[in-house]
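Observations on chain architecture
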Amino acid sequence: MSERTAAGEIDTDVLVVGAGIAGLQAALDLADQGNRVLLVEREASIGGRMIALSKVFPTMDCSSCITTPKMSSAAHHELVTTFTYTDVGSVEPAGRGFEATIVRRPRYVDEEACIGCRLCEYACPVDVPHEFDGGLGARRAVYIPFGTAIPQKAVVDLPNCILCGKCEKACPTDAIDFLQEPETITVRARAVVLTTGYRPTPTGAKKEYGAGRISNVIGGLDMERLLSPNGPYGRVLRPSDGKVPENIAYVQCAGSRDETLGVPYCSRVCCMYAVKQAMLLSGSLPVADITIYYMDIRAFGKGYEEFFQTARSMGINFVKAKVARIHERPDGDLDLRVELEEDDGRVEDVTHDLVVLSVGLQPGDDVRRFAPVSTDAYGFVRSADPALDATATDVPGLFAAGTALAPKDIVDTVAEASAVAMRVAAYLRETATPAGELVGVAHG
Amino acid sequence: MAPPTRILVLASLLCAYPGIDATGQAHLDYPANTYVLPTPDPVMFPEWFYLYGYEHGIDGILIASCGTDSPYEGSYEQLAARINRVYAQMKERGLDIRRLKLTAICSVCTKAFVKEVGDLAKVVEELGPAADELARQPAVVGGEAS
Amino acid sequence: MDEQGVPRRIGVYVCHCGGNISDVVDVETVTDRAGADEDVVIARHLPFMCSDEGQTTIEKDIAELGLDRVVVAACTPSLHETTFRRTVSRAGLNAYLYQHANIREQVSWAHVHDHAAATEKAARVVQAAIAKAASLHELDMVRVAAVHRALVVGGGVAGLRAALDLARFGMEVVLVERSKVLGGHTLRLGRTYPTEEPGRALVERLAAAVRAEPLVDVRLSTEVTGVSGYVGDFQVTLHSVAPSGNGSAGSDEVEVGAIVLATGFRDYEPAAGEYGFGGPGVVTLAAFQERLYAEEPDGDLAAALGMQGPVRAVAFLHCVGSRQAEGIDGGDGELNTYCSRVCCTASVRAAAETRRRFPDVRVVDVFRDIRTYARDQEDAYRAAGQAGVLFVRLPNDERARVETAAAEDPYPLLVRARDSLTFGAELELPVDVVVLATGMEPGGADALVAATKAPTGADGFLLEVHPKLRPVESATPGILLAGTARGPMDITESTTSASAAAAKVATLLARDQVEMEPFVAKVDPSRCSGNGACVSACPYAGAIGLQELELEDGVVEQRAYVNPVACKGCGACVAVCPNGAIDVQGWEIPQYVAMVDAITADDATPVPVGAGTEAGSS
């Protein structure tokens with residue numbers, strides 16, 4: 001375990017910032033090699049974006065089924081200490097490593113005492129749109145983040161709390177504590193890994209697509225929740241009126257390859273998640289028409305092209321076109337102006353009853369706020385040697401992996417997370433003093 | 001009073017078992033005569049184990065596998081083939097084959113679990129104890145369980 | 001009871017979970033019924049078993065009452081099974097003599113409205129846990145001695161990166177390369193994405209770092225001819241085909257703990273006549289790039305390409321040998337249905353470079369989808385457009401055709417393509433050179449792959465255990481996959497996957513022993529008849545086999561044995577054994593039978609454990 005050397009101080013080998021799939025994999029590999037890891041996560045649960053996905057391409061594995069074992073392994077690993085609901089204030093080179101300031105935000109729930117029973121949640125009278133479901137479902141003002149969350153510990157959303165005290169009365173372990181204060185901890189680590197992930201480009205970024213004000217124009221991640229067995233409605237319904245959609249459109253590159261949005265790069269996953277969702281939708285809504293409007297289908301990964309061709313043969317409609325604008329009709333249906341880039345190149349007005357914007361990926365956090373690394377124009381961490389050593393930044397001992405470096409899919413993220421673990425492990429050995437403990441070094 | 005009936009669920013550790021936990025977390029009701037036994041993979045149970053269950057007070061068995069999501073290569077195909085053989089043996093013993101159901105339940109498939117186990121419970125309620133069916137059939141000599 | 005009929009000394013602990021359980025389940029009844037079991041020494045119920053108080057109580061009882069097994073009935077095992085395994089372990093009990101009973105998620109929370117039924121179920125769930133606990137065995141982690149040396153096969157960027165990482169981690173590495181030089185395909189790449197560093201310089205930088213590592217034993221002109229053994233201890237036969245700096249011709253055996261396959265890819269070789277290949281002016285992208293980047297900026301493209309006539313127009317054709325479809329693409333009948341991932345970026349870069357160097361040369365790029373997916377690659381695509389490359393987009397399922405022009409035509413070659421960007425216009429593009437953006441094919445280390453038993457996928461590339469979460473591990477423990485051996489990837493992706501493979505080696509071999517959970521199959525040789533049904537049922541190479549065993553009376557017979565390192569613990573073998581001679585440790589069929597008996601036990605007349613299976617006995 002990372003050791004608490006004094007009140008508010010922790011010594012560890014590696015600080016990993018962000019507990020999505022990249023951070024989890026990096027932490028697990030480092031810990032399995034014998035290194036102590038402090039894994040900090042901004043959200044109230046570990047698991048990142050992947051735990052909210054429905055199924056993953058191209059295997060169609062249930063995402064939560066393959067993510068929860070990783071979450072659980074990290075949470076139970078002897079050498080991994082996990083802090084959720086924790087922000088990183090600063091990371092500075094110091095001595096032979098780094099000194100970081102982290103702040104554990106108050107959950108207003110004593111983590112030791114909370115047994116995850118949700119009695120507080122049932123007692124709470126306040127309903128709040130649930131971020132985990134893209135705001136499509138609701139949660140209470142005190143809540144367990146989601147069913148498969150780790151830790152299974154409640155958190156009070158103070159801005160939405162009306163301080164009625166019902167949760168306090170309901171809690172069997174007196175875990176609710178409104179007097180909790182932020183706890184600042186100084187972390188001394190020999191290396192730091194940034195796995196701060198991504199956030200989706202906002203669905204409201206484009207005026208032409210309704211600027212986020214049309215309720216039946218949703219983002220790709222929202223559709224992930226609708227398609228999840230534990231999603232907000234338990235089935236695919238359109239948000240405005242709960243109607244079962246019959247004619248769904250996907251608009252590709254809605255937030256990528258678009259210089260007007262400041263996101264000229266390809267987000268790399270949107271083609272595949274749209275194809276996957278279309279396949280899932282054609283399974284759950286067999287009579288629905290599904291059309292994907294695209295520029296190029298970028299099915300470049302292992303097994304992806306075959307996956308795309310399967311989708312085509314299933315009758316999913318792929319149309320090379322640009323969607324110029326989306327208008328909402330009074331009945332909630334949507335008029336799309338579509339500029340075909342095939343056939344005769346005509347401009348068509350078509351109607352769909354649900355539109356999914358295949359939103360792209362932007363950096364999950366502004367890492368320059370706390371770490372002395374350089375980033376590219378879009379905020380992704382820059383590699384010091386992109387071809388040969390992609391996970392090294394320009395600061396020795398400071399590494400990055402996953403979508404903190406650039407958009408990428410799960411498999412490439414997982415490989416990069418293991419790669420960063422290797423680079424860090426080698427770095428730790430190379431920088432160990434003779435008297436120091438050589439952690440994880442082979443004999444002979 | 002009618003004798004109690006009991007349902008056994010053989011739940012894959014990676015998929016169905018957490019899915020059944022999630023069902024409880026969501027406070028979704030399902031029949032309380034359901035007993036869940038976790039297993040790395042239901043492919044491990046030999047044919048006789050199912051019959052042993054029916055002979056010893058189990059009236060319905062739900063195999064809650066990972067389906068083709070199984071982490072073990074080809075296990076679902078092996079399992080499905082085995083269950084067909086169990087069906088044949090059940091028929092020989094006079095057991096209604098609806099007492100055995102092979103399903104795939106994922107780790108968040110709460111509603112699917114409630115439906116499957118509910119359907120099986122209805123079948124069992126309709127059929128009554130397995131022992132009654134077995135009693136109607138002449139005894140078969142020799143069993144493999146020890 | 002144990003095998004001799006002596007009662008066990010089990011402690012049973014029922015958790016209230018602060019009302020979460022006890023508000024629905026009558027924990028006193030459950031505890032009393034547990035306490036009545038002859039194998040139970042103590043049964044208690046406490047408000048929170050996971051609390052310090054709960055855990056201390058267990059530890060104290062183990063010490064004072066001499067408990068030999070512990071059952072806790074509480075929340076789902078996924079939350080606290082590990083907790084209580086550690087608790088009993090602290091008190092000196094084998095961690096696997098602990099059994100968890102789930103009476104929260106699967107009882108009190110699921111049956112909120114029927115307290116009586118929930119209590120009855122909880123009691124039986126606990127009885128079942130007691131029955132299983134009584135038949136638990138002490139288990140130890142599976143341990144295999146680890147040889148602290150790794151073999152890396154392939155001296156391209158992936159193999160070099162993996163070798164360097166492992167050496168820097170402090171591990172001995174034997175790096176085997178079939179050819180006379182290190183560097184692989186990268187040596188031939190002109191300038192590489194994304195830094196524009198020449199391929200040769202880039203790979204030299206890496207090779208120099210590897211050569212500087214005393215822990216790396218580089219064997220050039222050497223092939224792997226045999227592999228035996230298992231993770232932790234493989235015996236590898238190496239054969240030097242020609243004298244090299246590090247050794248002489250001949251065979252040599254090395255012992256390694258893990259093997260990284262970085263065997264790379266082969267360039268797709270177009271069939272004669274495929275897009276005009278074999279005829280004058282039709283070249284592969286690899287060949288074109290090599291000449292293009294080698295040529296001085298003010299040089300002559302025709303001379304660089306070794307062509308007689310002038311080069312005034314060049315056409316790049318994408319997806320040659322990739323994304324092939326039945327009924328559309330011919331070739332040798334074996335279709336490469338996959339995307340080769342790197343050719344789009346390489347093509348648009350080469351196209352742009354051609355325009356920049358030779359502004360008088362017209363360049364047309366014929367594609368189906370442009371897949372410039374990685375960071376900055378979209379910039380390269382845009383730059384090509386800005387440099388004046390003309391893009392032609394083929395409709396789905398259509399291909400370009402390359403024809404030899406009539407003798408009187410000013411250009412020797414004619415590319416015909418329909419362009420969806422200009423609304424299906426049928427284009428005739430007269431050019432001097434056609435560049436075929438050929439894809440990647442599996443690397444041709446067939447014998448080695450067979451020796452390591454690493455499986456390949458439908459595309460011919462090495463197959464990973466799980467394409468999403470375990471991309472660098474093969475199904476054979478201790479065999480890792482690095483770089484393009486697993487499928488098309490660029491240099492960055494190759495070196496990243498190589499470091500990932502190295503990480504798995506480091507994890508396996510960092511300690512003196514490879515340690516794994518004990519939930520693997522185990523054979524009871526006294527019941528095994530050696531019929532081999534288990535071997536046929538097992539999907540994992542080397543996990544189970546038959547071996548000659550000398551029995552007591554001197555008779556030698558075949559008996560099954562399990563290699564616990566290769567076994568995944570699925571139990572496919574268990575079901576097919578006619579003698580009940582195999583079980584998965586911790587998940588044994590007799591334990592399930594005991595649980596079924598406990599669940600169905602009639603309170604008044606308990607069914608004796610081990611009762612026969614005569615019909616109607618219940």
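Structural data are supplied above this passage.
Right, let's walk through the structure included here.

What counts, and at which threshold
- Residues numbered from 1 in each chain as written.
- Chains lettered and ligands numbered in written order.
- Predicted model: local features only at pLDDT ≥ 70, side-chain atom pairs only at ≥ 80, totals over all residues.
- Heavy atoms only, no water.
- Contact = heavy atoms within 4.5 Å.
- Buried area = accessible area lost by both parts, 1.4 Å probe.
- Salt bridge = Lys/Arg side-chain N within 4 Å of Asp/Glu carboxyl O.
- Polar contact = N/O pair within 3.5 Å; in protein donor to acceptor, adjacent residues only side chain to side chain.
- Helix = DSSP H or I, 4+ residues; strand = E, 2+ residues; numbered from the N terminus.
- Nonpolar A, V, L, I, M, F, W, Y, C, P; charged D, E, K, R; others polar.

**Thoughts on the interface of chain B and chain C**
Contacts between the two partners involve 49 residues from chain B and, on the opposite side, 47 residues from chain C. Between chain B and chain C, the buried area comes to about 4100 Å², and carbon and sulfur atoms account for 61% of it. For chain B, the biggest contributors to the area lost against chain C are Tyr35, Met44 and His56 of chain B; these three give 16% of the whole. Here chain B and chain C share 0 salt bridges between them. Linking chain B with chain C are 13 residue pairs in polar contact (both at pLDDT 80 or more), by the criterion used here. Elements that contribute at least two residues to the side of chain B that touches chain C include exactly helix H1 (16–25), strand S2 (34–39), helix H2 (47–55), helix H3 (75–92) and helix H5 (130–136) of chain B. It is H2 of chain B that contributes the most residues to the side of chain B that touches chain C, 7 residues altogether. Of the residues belonging to the side of chain B that touches chain C, the class tally is 29 nonpolar, 11 polar and 9 charged.

**Some points on the side chain of Ser108 of chain C**
Residue and element names in this part refer to chain C. Residue placement: Ser108 occurs in helix H4 (residues 104–108). Polar contacts involving the side chain of Ser108 include one to the main-chain carbonyl oxygen of Asn20, which spans 2.8 Å. When sequence neighbours within four positions are dropped, the list of residues in contact with Ser108 reads Asn20, Ile21, Val24, Val25 and Ile103.

**Quick word on the interface of chain A and chain C**
With 83 residues of chain A in contact, the opposing surface of chain C contributes 76 residues. Buried surface at the junction of chain A and chain C, both sides included, amounts to about 6500 Å², of which 51% is carbon and sulfur. Of all residues in chain A, Lys302, Leu388 and Met422 of chain A give up the largest surface area on contact with chain C, accounting jointly for 12% of the area buried on that side. For the pair chain A and chain C, the number of links is 16 salt bridges. The salt bridge involving Glu378 of chain C is made with Arg298 of chain A; its shortest N-O contact spans 2.8 Å. Between the two partners, chain A and chain C, sit 38 residue pairs in polar contact (both at pLDDT 80 or more). Elements that contribute at least two residues to the side of chain A that touches chain C include exactly helix H1 (21–32), helix H2 (63–76), helix H7 (304–313) and helix H8 (410–431) of chain A. The greatest single-element share of the side of chain A that touches chain C, amounting to 14 residues, is contributed by H8 of chain A.

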